[in-house]
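Chain and residue survey
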Amino acid sequence: MKYEVHKIENAQGTGKSRVFVKLRNEKAMPTEQLLREIEASCTLKASDVKAVMTEISEIAIRELSQGKRFHLPEMGYLSLAVANTPPAKKANGKITGKDIRVRNIHFRPEKKLLTEIGRNVSFTKSDYSTLSAKYEEEVLWGKVAGYLATHRYITKQTKLSEFGLSEYKARRWLNLFVNNGKLTKDSSHRPFLYFH
């Protein structure tokens, strides 16, 4: 499994930096592939497995909606996580049931599941980082102008690969250069093309 090492500067206002590891999760197995794998390893047909999974989902909805935890055998427990309207935003300062909403579903794995995964997983440092490189505007513009000296246009993907930017940062920089009049955007193509 690929990982990256990131750093938070001035963590929690202490003046010190904190290092943390971010995992690069791959895409989930498609449902159809999961059904085929289960079908290949037991006597159930894929349609039977799908029916069971649908029924488990419906039972989980019912149980969680009634305030119960839901146990997935061999896997773990699901439970609700909620959020509420802050009392300060209420005229009377009181929280009622109408102010509470479901925010997420927590999953607590069974110990055996964690142990088995821990035995089978290994970690390798990623060849590249999804963390965006930091630039001053003029420095990045110099790189973009240099690229455009030998290419007709630039794309968001180019900004990602050539300059080490995250998708969010690449989009922000391109929009900034368009707004500054340094680039013009051709929206008729996918991906969008940006010209000098």
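This text follows the structure it describes.
Keep in mind it's a predicted model, so treat the numbers as computed, not measured.

**Some thoughts on the packing of helix H5 (residues 156-163) against helix H6 (residues 167-179)**
Interaxial distance between H5 and H6 falls to 9 Å at its minimum, and their mutual angle equals 115 degrees. Considering how the two elements wind past one another, H5 and H6 form a crossing that is right-handed. Counting all contacts with H5, which are made through Lys156, Lys159 and Leu160, the residues of H6 involved are Glu167, Ala170, Arg171, Trp173, Leu174 and Phe177. Here the residues of the contact of H5 with H6 are counted per class, giving five nonpolar, no polar and four charged.

**Focus on the pattern of salt bridges**
With the rule as written, the count across this model stands at 10 salt bridges. Where Lys68 meets Glu63, a salt bridge forms, and the shortest distance between an N and an O atom there is 3.7 Å. Owing to a relative accessible area of 40%, Lys68 belongs among the partly exposed residues under this scheme. According to the relative accessible area criterion, Glu63 is buried, its value standing at 16%. A salt bridge links Lys112 to Glu74; its shortest N-O distance comes to 3.6 Å. With Lys112 in helix H3 (residues 111-120) and Glu74 in the loop between strand S3 (70-72) and strand S4 (76-84), this pair connects stretches of sequence that are 38 residues apart. A residue is classified by how much of its surface remains accessible, and Lys112, at 55% relative accessible area, is exposed. What you see here is one network of salt bridges that share partners, running through Arg62, Glu63 and Lys68.

**A closer look at H6**
In this model, H6 (13 residues) spans 18 Å end to end at C-alpha, consistent with the 18 Å of a helix rising 1.5 Å per residue. Restricting attention to buried positions, one finds in H6 the residues Ala170, Trp173, Leu174 and Phe177. Mapping the buried residues of H6 onto a view down its axis gives an arc of 100 degrees, with all of them on the same face. Structurally, H6 contributes buried residues whose contacts are with helix H4 (137-148), H5 and strand S8 (193-195).

**Let's talk about the side chain of Lys159**
Along the polypeptide, Lys159 turns up in helix H5. Residues in contact with Lys159, not counting those within four places in the same chain, are Leu140, Val144, Ile154, Gly164, Leu165, Ala170, Trp173, Leu174 and Phe177.

**Some thoughts on a nonpolar patch on the surface**
A contiguous nonpolar surface patch, about 670 Å² in accessible area, is contributed by Met1, Val5, Val19, Val21, Leu23, Ile117, Val121 and Phe123. Ranked by the residues each element gives to the nonpolar patch, the list is headed by strand S2 (residues 18-24), at three residues. On the secondary structure map, Phe123 appears in the loop between H3 and strand S6 (124-125). For Phe123, a relative accessible area of 48% puts it in the partly exposed group.

**Side note on the packing of aromatic side chains**
Tallied over the entire structure, the rule returns four aromatic pairs. Seen from their ring centres, Tyr147 and Phe163 are 6.5 Å apart, and the 80 degrees between their planes marks the pair as edge-to-face. Note that Tyr147 is positioned in helix H4 and Phe163 in helix H5, a separation of 16 residues in sequence. Comparing Tyr147 with Phe163 shows no difference in burial state: the two are buried. Ring geometry for Tyr153 against Phe195: centres 5.9 Å apart, planes inclined by 65 degrees, an arrangement best described as edge-to-face. Within this pair, whereas Tyr153 is found in the loop between H4 and H5, its partner Phe195 is found in strand S8, the two being separated by 42 residues in sequence.

Calculation rules
Residues numbered from 1 in each chain as written. Predicted model: local features only at pLDDT ≥ 70, side-chain atom pairs only at ≥ 80, totals over all residues. Heavy atoms only, no water. Axes fitted to C-alpha atoms, helices over the stretch in contact; angles between N-to-C directions. Helix = DSSP H or I, 4+ residues; strand = E, 2+ residues; numbered from the N terminus. Left-handed = near helix turned anticlockwise from the far one by under 90°. Contact = heavy atoms within 4.5 Å. Nonpolar A, V, L, I, M, F, W, Y, C, P; charged D, E, K, R; others polar. Salt bridge = Lys/Arg side-chain N within 4 Å of Asp/Glu carboxyl O. Buried < 20%, exposed > 50% of the residue type's maximum accessible area, 1.4 Å probe, protein only. Expected span 1.5 Å × (residues − 1). Arc of directions from axis to C-beta. Patch = residues over 30% accessible without salt bridge, like charges linked within 9 Å, V, L, I, M, F, W, Y side chains within 5 Å. Areas by Shrake-Rupley, 256 points an atom, 1.4 Å probe, with all protein chains shown as cover. Phe/Tyr/Trp six-rings, centres within 6.5 Å; stacked < 30°, edge-to-face > 60°.

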